[in-house]
Amino acid sequence: MPTYNEKENIAKLVKEILVQNLDLDILVVDDNSPDGTGQVVEDLRKNIPQLFILHRQNKEGLGRAYIAGFKWALAQGYQYMFEMDADFSHQPKYLKDFLAAIKDNDLVIGSRYIKGGGTEGWSKIREFISRFGCLYAKIILGLPINDLTGGFKCYRREVLENIDLDQVQSNGYMFQIEMTYKAIKNKYKVKEIPIVFLERQQGKTKFNKKIIWEAVVNCWKLRLGL
Ligand SMILES: Nc1nc2c(ncn2[C@@H]2O[C@H](COP(=O)(O)OP(=O)(O)O)[C@@H](O)[C@H]2O)c(=O)[nH]1
Ligand SMILES: [Mg+2]
């Protein structure tokens, strides 16, 4: 779970994940959050042996945080690696559905845009931008996936081992698109399962125009192999 200023969410979320009783470890990748999220996690760690944290010095964006987390998890020998936001948008109750689906698949994507999925608490305009963005990427890259920008995913370790993580440069929504594109290109089996995405209750989004623009341009770069 990447975090930047998630002090109000992180402790409650860690507990909610643990009560699912799924034999998961949790890694928080914190970019030196000014609100002290990193220290909150350090305090929790005193009583929760399944909880780990990577402290990074600077805010370098989601993509860099995920890559650092994946490298850590690969080195530790984990079989499956999740990506999950730390703001309750990705509900822990779905973790068991991912674990069921990953048995017969290599990458499982939590999807807002298939039957049974959706978003709650978003303005019409934000939903439109998100839906349009997913459709744009789907068409340009020719992928059979409806939700390409979501960040609730579960990878089988081989998928990550066979992507050159140092070559993945994108950082915002494009990071999610690029990882799924590369997994499919490597012939891995990818499945979408429905999730309802909730708008965050606490804290602020880091959503901005720059990460949308990155995705608009970089879909073409990916398609053209630039
Ligand atoms: N480590 C790290 N985490 C980040 C960064 N930007 C966002 N996050 C985390 O990534 C997750 C998704 O970010 P969020 O702002 O909620 O984006 P949104 O869901 O698209 O509005 C949250 O858990 C954030 O705390 C960053 O630069 N570094
Ligand atoms: Mg969010």
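Cut-offs used in this document
Throughout this description, residue numbers start from 1 for each chain and increase along the sequence as written. All chains are assigned letters beginning at A, and all ligands numbers beginning at 1, according to the order in which they are written. A pLDDT threshold of at least 70 governs which residues receive local features in this predicted model, and a stricter bar of 80 or more applies before side-chain atom pairs are shown or counted, although totals over entire chains, interfaces and linings include all residues. As a convention, hydrogens and water are excluded, and side-chain values are obtained from all of the structure's heavy atoms. Segments assigned H or I by DSSP are reported as helices when at least four residues long, segments assigned E as strands when at least two residues long, and all are numbered from the N terminus. When we talk radius of gyration, it's over C-alpha atoms, and the globule rule is simply 2.2 Å times the number of residues to the 0.38. Partly exposed residues are those whose accessible area sits between 20% and 50% of the maximum for their type, while under 20% is buried and over 50% is exposed, using a 1.4 Å probe and protein chains only. Throughout, a contact is declared for two residues whenever any of their heavy atoms are within 4.5 Å. Areas reported as accessible are Shrake-Rupley estimates using a 1.4 Å probe. Residue values count occlusion only from the protein chains shown. Each patch is built from salt-bridge-free residues with over 30% relative accessible area, joining like charges within 9 Å and nonpolar side chains (Val, Leu, Ile, Met, Phe, Trp, Tyr) within 5 Å. The working definition used for a salt bridge is a side-chain nitrogen of Lys or Arg within 4 Å of a carboxyl oxygen of Asp or Glu. Two strands form a pair only when DSSP identifies at least two bridges running between them. Helix axes are fitted to C-alpha atoms over the stretch in contact, other axes to C-alpha atoms as well, and angles between N-to-C directions run from 0 to 180 degrees. Any residue with at least one heavy atom within 4 Å of a molecule or strand is counted as near it. A 3.5 Å cut-off defines polar contacts: any pair of N or O atoms within that distance qualifies, except that in protein one atom must be a possible hydrogen donor and the other a possible acceptor, and neighbouring residues in sequence count only when both atoms are side-chain atoms. Computed over the protein atoms alone on a 1 Å grid, cavities are sets of points where a 1.4 Å probe fits but cannot get out and pockets are open sets with protein on both sides within 12 Å along at least five of seven lines; a residue lines them when it has an atom within 4 Å of a point. Think of it this way: a molecule belongs to a cavity or pocket when more than half its atoms come within 2 Å of the grid points there. Nonpolar cores are built from buried Ala, Val, Leu, Ile, Met, Phe, Trp, Tyr and Cys residues. Side-chain atoms within 4.5 Å join them into one set.

Caption draft 1: Structural detail: the overall build of the chain. Looking only at helices and strands, one finds 8 helices and 9 strands in the chain. In terms of overall size, the chain behaves like a compact globule, its C-alpha atoms giving a radius of gyration of 17 Å where 226 residues would be expected to give roughly 17 Å. Residue burial in the chain is summarised as follows: out of 226 residues, 50% are buried. Counting contacts in the chain only where the partners sit at least 6 residues apart, residues at least 24 apart contribute 78% of the total. Carbon and sulfur atoms make up 53% of the accessible area of the chain, which totals about 11,400 Å².

Caption draft 2: Just a nonpolar patch on the surface, in detail. On the surface, a nonpolar cluster with roughly 420 Å² of combined accessible area is contributed by I125, F128, I129 and F132. Topologically, F128 is positioned in helix α5 (residues 124-141). The exposed category is assigned to F128, whose relative accessible area is 52%.

Caption draft 3: A look at the sheet that holds strand β8 (residues 190-194). Taking strand neighbours across the sheet as the criterion, the 4 strands line up as β4-β7-β5-β8 in an open arrangement whose pairing is mixed. Among the strands making up the open sheet, the edge pair consists of β4 (80-83) and β8. Across the sheet, the mean angle from the axis of one strand to that of its neighbour is 20 degrees, orientation sign disregarded. Relative to β8, strand β5 (residues 107-111) is paired through 5 bridges, and the arrangement is parallel. Residue pairing in the sheet places S111 in a bridge with P194 of β8. Together, β4, β5, β7 (153-156) and β8 form the strand contacts of helix α7 (residues 173-185), whose direction differs from that of β7 by roughly 35 degrees.

Caption draft 4: Examining the pattern of salt bridges more closely. In this structure the tally under the stated criterion is 14 salt bridges. Measuring nitrogen to oxygen at the nearest pair gives 2.7 Å for the salt bridge that ties R112 to D147. Of this pair, R112 sits in the loop between β5 and β6 (118-120) while D147 sits in the loop between α5 and β7, placing them 35 residues apart in sequence. We classify R112 as buried; its relative accessible area is 5%.

Caption draft 5: The arrangement of the site of ligand 1 in detail. Around ligand 1, a shell composed of 19 residues is seen, among which E6, D31, R200, T205 and K206 lie nearest. Side-chain polar atom of R126 to an oxygen atom of ligand 1: 3.3 Å apart, as the coordinates give it. In isolation ligand 1 has 570 Å² of accessible area, and contact with the protein removes 95% of it. When atom positions are compared with the pocket grids, ligand 1 is found to occupy the largest pocket.

Caption draft 6: Quick peek at the sheet that holds strand β3 (residues 51-55). One open sheet holds the 3 strands; their spatial order is β1-β2-β3, and the pairing between them is parallel. Of all strands in the sheet, those bounded by a partner on one side alone are β1 (2-3) and β3. Along the sheet, helix α2 (residues 37-45) makes contact with β1, β2 (26-30) and β3, crossing β3 at roughly 150 degrees.

Caption draft 7: Main features of the nonpolar core. If you look at the biggest cluster of nonpolar residues, it comprises 34 residues, and the most contacted ones within it are F70, L141, I177 and M179. Elements with a contribution of two residues or more to this core: β2, α3 (62-76), β5, α5, α6 (157-161), α7 and α8 (209-224). Among the elements that make up this core, the one with the highest residue count is α3 (7 residues). With residues near it in sequence (within four places) discarded, F70 still touches E83, Y155, L160, L165, F175 and M179. Of all hydrophobic cores here, the second largest spans 28 residues; its members include I10, L13, V28 and I53.

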